[in-house]
Amino acid sequence: MSVLLDVQELQTRFRVRKGHVYAVNGVSFQLEEGETLAVVGESGCGKSVTMLSLVRLLPPAASIENGQVLLRGEDLLQIDQRQLRDVRGGQIGMIFQDPMTSLNPFINIGTQMAEPLIYHRGMSKKDALDRSAELLEMVGIPDGKARLREYPHQFSGGMRQRVMIAMSMSCEPAVLIADEPTTALDVTIQAQIVELVKELRDRSGVAVIWITHDLSVVAGIADRVIVMYAGYIVEEAPVDALFEDPRHPYTVGLMGALPSLGGETGTRLTTIGGSPPDLVDLPDFCPFHPRCPYAIDRCRTENPMLEPVAEASDRGHNAACWVDIRDVKVQTETDTAIAGG
Amino acid sequence: MTTQEITATSDIEIAEASRTNLWRDAVARLAANRLAVVAILPIVLLFFIAAFGPYLTPYDFLAQDFTARLASPSSEHWLGTDELGRDVFSRILYGARTAVSVGLVSTAISLIVGLVMGSLAGYLGGRVDMLVVWLTDVTRSMPALLLAIVINLTLKVPLEAWMEQMYLATKNTFFRQTMWVDLVLVFGALALIQWPGYARLIRGQILSIRSRNYVLAARALGMPTGRILTRYVIPNAMGPLIVAVSAGMGGAMVLESAFSFLGVGVQLPIPSWGKMISDGLRMWQTHPYLLVGPAVMMAVITVSFAWLGDGLNDALNPRQWGG
Ligand SMILES: Nc1ncnc2c1ncn2[C@@H]1O[C@H](COP(=O)(O)OP(=O)(O)OP(=O)(O)O)[C@@H](O)[C@H]1O
Ligand code: SF4
Ligand SMILES: [Mg+2]
């Protein structure tokens, strides 16, 4: 398979009153044709900003300081606005978290769906509407023709997300970026949306980047996973390798299997205590160290790079951690601190 | 176009034609709203009278009939005459002119100021935003009538003196007409009272629409900026603005009446309803008709603008359209 999207050293920060917020700090990853890549991490770790940076959809306070975003070899950070608009929707489709507010309440569904087809595909209005009706049925909204006349408020949240998916897929993009598309929906609806995207992906061969907090979704949909923390990719692995053999303490934490910091709750497995850092500075330490039960001295003075893990069970398994957590027996009530080696 | 294309009109296209346009839908919804339709009549009538009043009135608004002072309503003077023997009905019709010009001009001024200030605050943010918000807060914290009185008391004399000087210097008779001072003061006061409302509304609209997900989604679909502005931002901002302007028109007219009532209104030969009400109030026990005519007009117009504003609000908000 060939590389479709190649992101190199992407760096995005926000100008705020007191300096900067370093939201994305040298992120590099590849997406192959037809591949599904999951991006996981807690709230605020830079998942959305990374994806918005790819197509330069950032708010005014943000600036991309460095990097390359090569889509089939063309750097999206260098092309002009007009070319960029052709990429958006044409080659990279996006769906967002909150379907309730992602549609313009003042325009009916048909007109709204037709716009990208007219704009990117040069279709006549009639053809675009006919196609939109087909697309609605394709995403599981029956009687598409009649529903084109309706307005967003006449659709439920799940249906609106289906409409958004239909719109973002309408121009047959090479990449679909789904930024937590199910977070705002009921659990049953979530599963339906995941299934829908899988089905569309399998039918069209679109490559998918699926952002989520939820590792259980990842197992069902992704080929490969990127774990982000504090604007860094801290672990990257094929999905099976990540679940069977996680190497970064943060990944272990996301799986709900991190031993508690300091050991005061004994051997009970906990979610990760503490919260992500503020990102007001580029750290010269591991950004996870205040929450990490494995932290050693080096973690406080040097920020680890993303590197292939030792004795990887699978190719392409990288982590940014000074410690090989397999070597460490973690603290329990009876153990004293073993970190510090 | 080929015949094939013409005959190939699908139901979709027909549906499209009937439902695609928000404004068409809004008009239909407005027409279905009884109160709003009822309200349109007096408002249209008001504008009509304001435009053509002078051709409709039986008497000139200044024509004094000393033989018929404080006459009761009769076939000659439908609503009677005032102390100076002036026909009340004619004066009410002329008063529509004052009301409409006050409503239009003060709303226009405050809307422009509000648009500029609100957009600056919304777009630029930061210090500019803080300054505008502070200014609007300060202005809104002062009681409207007090503000008008203060403006009138502090500026009227110096302004008139300046006009006099200008007249002496230029011999231009324009500077002899002190009614301009009144107009500037009244419109100025009204605009000062009303701009903060528009500024805050527009600022809020810009802030909220700019960060709306559907704008992001449209950009993510590659829609050009111009199209996003015309299809997404402006339609979504217009509804509340139209409603506010409608209510503001009525509000401005009532305020002007209140000014006149307090003696800081338009001191023109042209009648103002507020002035007529305040004059009529002195004799309401003996000659109630002096009060009733202008008061009823004022009430009808105010209520009409409120109903129309409500109707527009419902008509322009798709969320209220029901499934
Ligand atoms: N407009 C902004 N101004 C300043 N900082 C911002 C802005 N938007 C995002 N950030 C910062 O960028 C960082 C990354 O945000 P991002 O939205 O990418 O997180 P995320 O991983 O998508 O989180 P979530 O799961 O909540 O969507 C956050 O720490 C946030 O503080
Ligand atoms: S580098 Fe150190 S602090 Fe960071 S995750 Fe690894 S062990 Fe924990
Ligand atoms: Mg996000």
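This text gives an overview of the structure that appears in the document. Just so we're clear, the structure is a prediction, and the values are computed from it rather than from any experiment. (Residues numbered from 1 in each chain as written. Chains lettered and ligands numbered in written order. Predicted model: local features only at pLDDT ≥ 70, side-chain atom pairs only at ≥ 80, totals over all residues. Heavy atoms only, no water.)

## Structural notes on the overall build of chain B
Item 1. Across its full length, chain B carries 12 helices and 0 strands.
Item 2. When the helices and strands of chain B are read in sequence order from the N terminus, they spell out α-α-α-α-α-α-α-α-α-α-α-α.
Item 3. On the principal axes, the C-alpha backbone points of chain B span a range of 80 × 50 × 40 Å.
Item 4. Residues counted as buried form 45% of the 323 residues belonging to chain B.
Item 5. Look at the contacts in chain B between residues 6 or more apart in sequence, and 70% of them connect residues 24 or more apart.
Item 6. Where the 23 positive side-chain charges of chain B centre and where its 20 negative ones centre are 9 Å apart. (Helix = DSSP H or I, 4+ residues; strand = E, 2+ residues; numbered from the N terminus. Buried < 20%, exposed > 50% of the residue type's maximum accessible area, 1.4 Å probe, protein only. Contact = heavy atoms within 4.5 Å. Lys, Arg positive; Asp, Glu negative; His and termini not counted. Charge placed at Lys NZ, Arg CZ, Asp CG, Glu CD.)

## Examining the environment of Phe-14 of chain A
Residues and elements named next belong to chain A.
Item 1. Here Phe-14 shows up in strand β1 (residues 3-16).
Item 2. Taking relative accessible area as the criterion, Phe-14 reaches 18% and is therefore assigned buried.
Item 3. Sequence separation of Phe-14 and Ile-64 is 50 residues, and the distance between their C-alpha atoms is 8.9 Å.
Item 4. Setting aside residues up to four positions removed in sequence, Phe-14 forms contacts with Gly-19, His-20, Val-21, Ala-23, Val-49, Pro-59, Ala-61 and Ala-62.

## Brief notes about the pairing of strand β8 (residues 207-212) of chain A
Residue and element names in this part refer to chain A.
Item 1. Across the 6 residues that make up β8, a large majority, 6, are buried.
Item 2. Of the two faces of β8, the one holding Ala-207, Ile-209 and Ile-211 and the one holding Val-208, Trp-210 and Thr-212 are both buried throughout.
Item 3. Bridge count for strand β7 (residues 175-179) against β8 is 5 bridges, and the pairing is parallel. For Val-175, the partnering residue across the bridge sits in β8 and is Ala-207.
Item 4. In this fold, the crossover linking β7 to β8 by way of helix α7 (residues 187-204) has right-handed handedness. (Pairing = 2+ DSSP bridges. Right-handed = clockwise from strand over helix to strand, strands pointing away.)

## Some words on the packing of helix α10 (residues 225-261) of chain B against helix α11 (residues 273-281) of chain B
Residues and elements named next belong to chain B.
Item 1. Two numbers describe how α10 lies on α11: the axes approach to 7 Å, and their chain directions differ by 40°. Classified by the interaxial angle, the pair formed by α10 and α11 is oblique. Two packed elements cross with a definite hand, and for α10 against α11 that hand is right-handed. Note on element contacts: α11 touches α10 through Trp-273, Gly-274, Lys-275, Ile-277, Ser-278 and Leu-281, opposite Ser-257, Ser-260 and Phe-261. (Axes fitted to C-alpha atoms, helices over the stretch in contact; angles between N-to-C directions. Parallel < 35°, antiparallel > 145°, perpendicular 65-115°, else oblique. Left-handed = near helix turned anticlockwise from the far one by under 90°.)

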